[in-house]
Amino acid sequence: MANTEQEIFDFTALVRRLLKVHWETKEELCKVKSDLERQARELKDMETLANAAMHDYDMLKTAKMLEIGDNDIATAKRRVSKLIRDVDRCITLLTGQQTSSQK
């Protein structure tokens, strides 16, 4: 009988250890699930921030392309002045040709 009682006692101890391991594993699983959910939320937040940053970058890039600086204005004035001089020269040449052909 003592042998059977010892086996029952050993079996009971084994079941208790298994139950303890089961509960510890279950708690660990809950922690892992909680961490996974937190990381998923963080990932979603980071994706939102990244998309906003990309949108801001695109807007800044567009604004930079449309920006007119002092250099651009000066260059445009020089180009317009050169075109006006070229047109004046052409008019002078055409006027000179008309007066010589009328004579």
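Residues numbered from 1 in each chain as written. Predicted model: local features only at pLDDT ≥ 70, side-chain atom pairs only at ≥ 80, totals over all residues. Heavy atoms only, no water.

Draft legend 1. Summary view of the overall build of the chain. Along its length, the chain carries 2 helices and 0 strands. The C-alpha radius of gyration of the chain comes to 43 Å, more than 25% above the 13 Å expected for a compact globule of 103 residues. Expressed as lengths along the three principal axes of its C-alpha atoms, the size of the chain is roughly 145 × 25 × 15 Å. Out of the 103 residues in the chain, the part that is buried amounts to 0%. (Helix = DSSP H or I, 4+ residues; strand = E, 2+ residues; numbered from the N terminus. Rg over C-alpha atoms; globule rule 2.2 N^0.38 Å. Buried < 20%, exposed > 50% of the residue type's maximum accessible area, 1.4 Å probe, protein only.)

Draft legend 2. Structural view of a nonpolar patch on the surface. On the surface, a nonpolar cluster with roughly 410 Å² of combined accessible area is contributed by Phe11, Val15, Leu19 and Trp23. Structurally, valine 15 is set in helix α1 (residues 2–66). (Patch = residues over 30% accessible without salt bridge, like charges linked within 9 Å, V, L, I, M, F, W, Y side chains within 5 Å. Areas by Shrake-Rupley, 256 points an atom, 1.4 Å probe, with all protein chains shown as cover. Salt bridge = Lys/Arg side-chain N within 4 Å of Asp/Glu carboxyl O.)

Draft legend 3. Spatial organisation of the pattern of salt bridges. Under the criterion given, the structure shown has 4 salt bridges. The closest approach of N and O atoms between aspartate 35 and arginine 38, which form a salt bridge, is 3.9 Å. Of the two residues, aspartate 35 and arginine 38 are both situated in helix α1; the distance of 3 residues between them amounts to about one turn of the helix. Residue arginine 38 is classed as partly exposed on the basis of its relative accessible area of 33%. For the salt bridge of aspartate 86 with arginine 89, the shortest nitrogen-to-oxygen distance reads 3.4 Å.

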